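Residues per chain, in single letters:
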Amino acid sequence: AHLPAPLEHVTILVRPGSEAKAEALLAAHRVAEASTVRGDIAGFLADAPDVVAECAGHGAVRDHGEAVLRGGCDLVVIAIGALADADLHARLEAAARAGGAKLVLPPGAVGGIDALGAARLSGLEEVTYLGRKPPRAWKGTSAETRLDLDALTEPTVFYEGTAREAARDYPQNANVAATVALAAGGFDTVRVRLIADPGITRNVHEVAVRSGCADFTIRLEGRPSPANPKTSLTAGYSVARELLNRASATVI
Ligand SMILES: NC(=O)C1=CN([C@@H]2O[C@H](COP(=O)(O)OP(=O)(O)OC[C@H]3O[C@@H](n4cnc5c(N)ncnc54)[C@H](O)[C@@H]3O)[C@@H](O)[C@H]2O)C=CC1
Ligand SMILES: O=C([O-])CC(=O)C(=O)O
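Since this is a predicted model, take the numbers as computed values, not measurements.

As summarised here, the arrangement of the three strands in space is β3-β4-β5, forming an open sheet in which the pairing is parallel. A single partner strand is all that each edge strand has here, and the edge strands are β3 (51–54) and β5 (103–104). As judged from the four bridges shared by β3 and strand β4 (residues 74–77), these two strands associate in the parallel manner. The residue of β4 that forms the bridge with Val51 is Asp74. Packing against the sheet, helix α3 (residues 58–70) makes contact with β3, β4 and β5, and its axis sits at approximately 160° to β4.

In structure tokens:
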């Protein structure tokens, strides 16, 4: 409803069987002048898209990322934590170089990635990321092996470690840790804490940076997606921003 300019043509790749649901969503939201729904990757790529945006999860990046990039098509990835697998990241970069394409990583649910990327050039002294979500956002994750989510009465840190481990072990919840790490240039140097907090309703992200050019802290309180409490609405809008920038004369 708030898109400044529609895209020309959008094709959505869904799992076989989900075509009708995708068509209903497209009918309800005018995201493009024309649209198509595909249930197979071959048909999807045969449409020769200008850009492919992954909004599906780590598995989709692993399954389709190389083919998209090698075929010369830019790939916008939102399941950024998939790149904690250094082999996969290297293969995607090789495919991008071979295809003359770019692997594009939007900020997703977090902000301040522009400032962090600039600060990196001045020398980073310390970067930390704190991800705090209501207990229900951690359901079905390995947080459940560390604490009883239903019995929590106060904010509880259940993970403290590197961004690489966080992104790998919490694939639906710690993509932001990977984004911060990639912008900082260090999956193993960014310190991450993950917290289940029964006193909040938002997904809170805090990034603290000390560097040669600036010190800053950024805090976002993301409204959870009604469809998925693990995901902040910001993540989808961040992908939309990236796609709309590609269709605009001014990029901001
Ligand atoms: N970078 C960031 O800040 C954030 C990244 N994410 C990532 O975004 C992904 C999407 O988030 P949600 O929409 O909330 O997840 P979701 O799990 O609710 O929806 C993902 C959809 O993708 C479909 N899908 C999965 N693999 C597919 C494939 N190979 N081909 C076709 N369809 C496929 C699923 O059937 C499902 O409909 C998450 O898995 C997470 O990795 C989520 C939040 C923030
Ligand atoms: O959407 C969010 O709040 C963040 C998220 O799930 C992630 O980092 O994977």
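What follows continues from the structure just given.
Further remarks concern the nonpolar core. Ranked by size, the top nonpolar core spans 54 residues in total, and within it Phe158, Val192 and Leu194 carry the most contacts. Looking at which element gives the most residues to this core, the answer is helix α7 (residues 175–184), with eight residues. Look past the residues within four positions of Phe158 in its chain and what remains in contact with it is Trp138, Ala143, Arg146, Leu147, Tyr170, Leu194, Ile195 and Ala196.

On to the site of ligand 1, then. Lining the immediate surroundings of ligand 1 are 19 residues, of which Arg15, Ile78, Ala109, Asn228 and Thr231 lie closest. Between ligand 1 and Ala109, the relevant distance is 2.8 Å, taken from an oxygen atom to a main-chain nitrogen or oxygen of the residue. For ligand 1, whose free accessible area comes to 850 Å², the fraction covered by protein is 73%. Within the residue set of the shell around ligand 1, elements represented by two or more residues are α3, α7 and β12 (228–232). Looking at the shell around ligand 1, the element that brings in the most residues is α3, giving three residues. Residues belonging to the shell around ligand 1 are distributed by class as follows: 11 nonpolar, seven polar and one charged.

Turning to the UniProt feature "active site" (unreviewed entry) in the chain, a few remarks are in order. This chain's UniProt record puts "active site" (unreviewed entry) on His205. Here His205 shows up in strand β9 (residues 203–211). The class of His205 is buried, set by a relative accessible area of 2%. In this structure His205 touches Ala109, Val110, Tyr129, Leu130, Lys133, Val176, Ile218, Arg219, Leu220 and Ser232, once residues within four positions along its chain are discounted. Looking at His205, its side chain comes within polar contact range of the side chain of Tyr129, at 2.7 Å.

Attention now goes to the packing of aromatic side chains. Pairs of aromatic rings are described using the distance from one ring centre to the other and the angle between the two planes. All told, the structure shown has four aromatic pairs when counted by the stated rule. Ring geometry for Trp138 and Phe158: centres 4.8 Å apart, planes at 75°, overall edge-to-face. One end of the pair, Trp138, is in the loop between β6 (124–133) and β7 (156–162); the other, Phe158, is in strand β7, and 20 residues separate them in sequence. Of the residues examined, Phe158 reaches a relative accessible area of 6% and is grouped as buried.

Right, let's talk about the site of ligand 2 for a bit. Lining the immediate environment of ligand 2, one finds Ala109, Lys133, Gln172, Asn173, Ala174, Asn175, Val176, Asn203, His205, Lys230, Thr231 and Ser232. In this structure, Asn173 approaches ligand 2 through a main-chain N or O atom, which is 3.2 Å from an oxygen atom. Mapped onto the shell around ligand 2, the elements with two or more residues apiece are α7, β9 and β12. For the shell around ligand 2, the element with the most residues is β12, which contributes three residues. For the shell around ligand 2, a count of residues per class yields three nonpolar, seven polar and two charged.

This brings us to the environment of Asp197. Position of Asp197 relative to the elements: it lies in the loop between β8 (191–196) and β9. Owing to a relative accessible area of 7%, Asp197 belongs among the buried residues under this scheme. In the structure, Asp197 is positioned 108 residues away from His89 in sequence and 32 Å away in space, judged by C-alpha atoms. Ignoring sequence-local partners within four residues, the contact set of Asp197 consists of Arg132, Lys133, Pro134, Pro135 and Pro155. Polar contacts involving the side chain of Asp197 include one to the side chain of Arg132, which spans 3.1 Å.

Here we take up the side chain of Thr141. With respect to the helices and strands, Thr141 occurs in the loop between β6 and β7. Not counting chain neighbours up to four residues away, the residues in contact with Thr141 comprise Tyr170, Asn173 and Lys230.

Cut-offs applied
Residues numbered from 1 in each chain as written. Chains lettered and ligands numbered in written order. Predicted model: local features only at pLDDT ≥ 70, side-chain atom pairs only at ≥ 80, totals over all residues. Heavy atoms only, no water. Pairing = 2+ DSSP bridges. Helix = DSSP H or I, 4+ residues; strand = E, 2+ residues; numbered from the N terminus. Contact = heavy atoms within 4.5 Å. Axes fitted to C-alpha atoms, helices over the stretch in contact; angles between N-to-C directions. Core = buried A, V, L, I, M, F, W, Y, C linked by side-chain atoms within 4.5 Å. Buried < 20%, exposed > 50% of the residue type's maximum accessible area, 1.4 Å probe, protein only. Near = heavy atom within 4 Å. Polar contact = N/O pair within 3.5 Å; in protein donor to acceptor, adjacent residues only side chain to side chain. Areas by Shrake-Rupley, 256 points an atom, 1.4 Å probe, with all protein chains shown as cover. Nonpolar A, V, L, I, M, F, W, Y, C, P; charged D, E, K, R; others polar. UniProt positions renumbered as here; feature names shortened; annotations may be inferred. Phe/Tyr/Trp six-rings, centres within 6.5 Å; stacked < 30°, edge-to-face > 60°.

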